[in-house]
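The chain contents come next:
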Amino acid sequence: MERQLYTILRNEPVAARTWRLELASDDPSFVAGGEFVQVALDGFYLRRPFSICERSKGRIVLIYKVVGEGTAALSGLRPGARLDVLTGLGRGFDPDACSSSALLVGGGVGAPPLLPLCRELVARGKRVSVVLGFNSASEIILESEFRALTPDVTMATVDGSAGLKGFVTDAISAVKPTFDYFYTCGPLVMMRRVCDMLKTGGEVCLEERMGCGAGYCAGCSIQTRQGVRRVCKDGPVFKKEDILW
Ligand SMILES: Cc1cc2nc3c(=O)[nH]c(=O)nc-3n(C[C@H](O)[C@H](O)[C@H](O)COP(=O)(O)OP(=O)(O)OC[C@H]3O[C@@H](n4cnc5c(N)ncnc54)[C@H](O)[C@@H]3O)c2cc1C
Ligand code: FES
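Residues numbered from 1 in each chain as written. Chains lettered and ligands numbered in written order. Predicted model: local features only at pLDDT ≥ 70, side-chain atom pairs only at ≥ 80, totals over all residues.

Asker: Looking at this structure, how should I read the overall build of the protein?
Answerer: When you go through the protein residue by residue, the secondary structure sums to 6 helices and 16 strands. Across its three principal directions, the C-alpha atoms of the protein cover 45 × 40 × 35 Å. For the protein, long-range pairs separated by at least 24 residues make up 61% of all intrachain contacts whose partners lie at least 6 apart in sequence. (Helix = DSSP H or I, 4+ residues; strand = E, 2+ residues; numbered from the N terminus. Contact = placed C-beta atoms within 7 Å.)

Asker: Hey, could you run me through the site of ligand 1 in this one?
Answerer: Residues in close proximity to ligand 1 total 20 residues, the closest being G68, G70, T71, V109 and E207. The set of elements that each furnish at least two residues to the shell around ligand 1 consists of β4 (48-51), β6 (59-65) and α1 (69-75). A total of 4 residues in the shell around ligand 1 trace back to one element, the largest contributor, which is β4. Partitioned by chemical class, the residues of the shell around ligand 1 number 10 nonpolar, 4 polar and 6 charged. (Near = placed C-beta within 6 Å. Nonpolar A, V, L, I, M, F, W, Y, C, P; charged D, E, K, R; others polar.)

Asker: Teacher, can you tell me more about the sheet that holds strand β8 (residues 101-107) here?
Answerer: Neighbouring strands of a sheet are bound in pairs by backbone hydrogen bonds; such pairs are parallel or else antiparallel. Taken in spatial order, the 7 strands make up an open sheet running β11-β10-β9-β8-β12-β13-β16, and their pairing is mixed. Whereas interior strands pair on both sides, the edge strands pair on one side only; in this sheet they are β11 (164-165) and β16 (237-239). Inspection of the sheet shows β8 paired to strand β12 (residues 181-185) by 5 bridges, in the parallel sense. Of the residues in β12, the one forming a bridge with V105 is T184. Docked against the sheet, helix α5 (residues 188-197) engages β8, β9 (127-134), β12 and β13 (201-205), running at close to 175° with respect to β13. (Pairing = 2+ DSSP bridges. Axes fitted to C-alpha atoms, helices over the stretch in contact; angles between N-to-C directions.)

Asker: How should I be thinking about the domain arrangement of the protein in this particular structure?
Answerer: Much of the literature gives interface size as the accessible area that the parts lose upon coming together. In terms of domain boundaries, the protein breaks down into domain 1 (2-89), domain 2 (95-207) and domain 3 (208-245). With 9 residues of domain 2 at the interface, the matching set in domain 3 holds 10 residues. Sorting the residues of the side of domain 2 that touches domain 3 by element identifies α5 and β13 as the ones contributing at least two each. Here the side of domain 2 that touches domain 3 gets 5 residues from one element, more than from any other, and that element is β13. Here the side of domain 2 that touches domain 3 is built from residues that sort into 4 nonpolar, 2 polar and 3 charged. (Domains from an automatic or database assignment.)

Here it is as structure tokens:
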């Protein structure tokens, strides 16, 4: 874990209540999709965790939804402002767990950590199907970024305003992708349904509420088949079969 001061390059809305934050960074520590950073915000005691969505050429990108006071304050920061960020956090997805074809299932702002994973899987010559679900068309993020990596992208919205109407599980039933392993990130209820439905092995990225984010406070503890585990230190990615829902 390292503490860094990053300069904001861009901080712009990209969908309903959803912002894209681009930070100048030469940090080489990011390895896999699912890893995250903890952002300090003036006036807030606890840092806020966000998954790394992209890292390239001296910058990292985070995509975040404004859900409360912390993310609202973040959306008010302008280019040039400095952000205090803890990096090198979390254990990400394992691209080697997939033999030849993967299914990526993202819900809402669960999609960002799947993008670097998708890039990595494609770079390793694996076939990747992607199913992304949102409440409505106005909330869709990262569609073109995933389509640039794989032709097999299915969009679903709950209200039917874009893509297939329904949840990601409805979309999976409709398109019947073939895969030997899956990776998912999104609301807990969505990931649980995905794990119940899919019979192959898979990994889930738990975006639990966090305290310290660095393994000290036990505020993110969950029960697993191996006993109590801290999402921030032992995860946030866990194997499907290890999670006690
Ligand atoms: C490892 C990890 C990665 C994450 N990655 C992303 C990301 O890439 N993009 C993104 O938009 N968000 C992400 N989150 C969630 C993000 O950290 C929270 O939405 C944010 O901290 C909320 O801060 P706030 O001060 O605005 O809201 P608060 O005022 O703290 O809370 C506002 C509302 O949001 C709910 N909430 C807060 N934190 C969470 C959470 N972790 N999960 C579900 N509900 C929550 C609260 O219960 C409350 O209802 C991630 C969380 C974790 C743990
Ligand atoms: S948030 Fe403190 S141990 Fe995980």
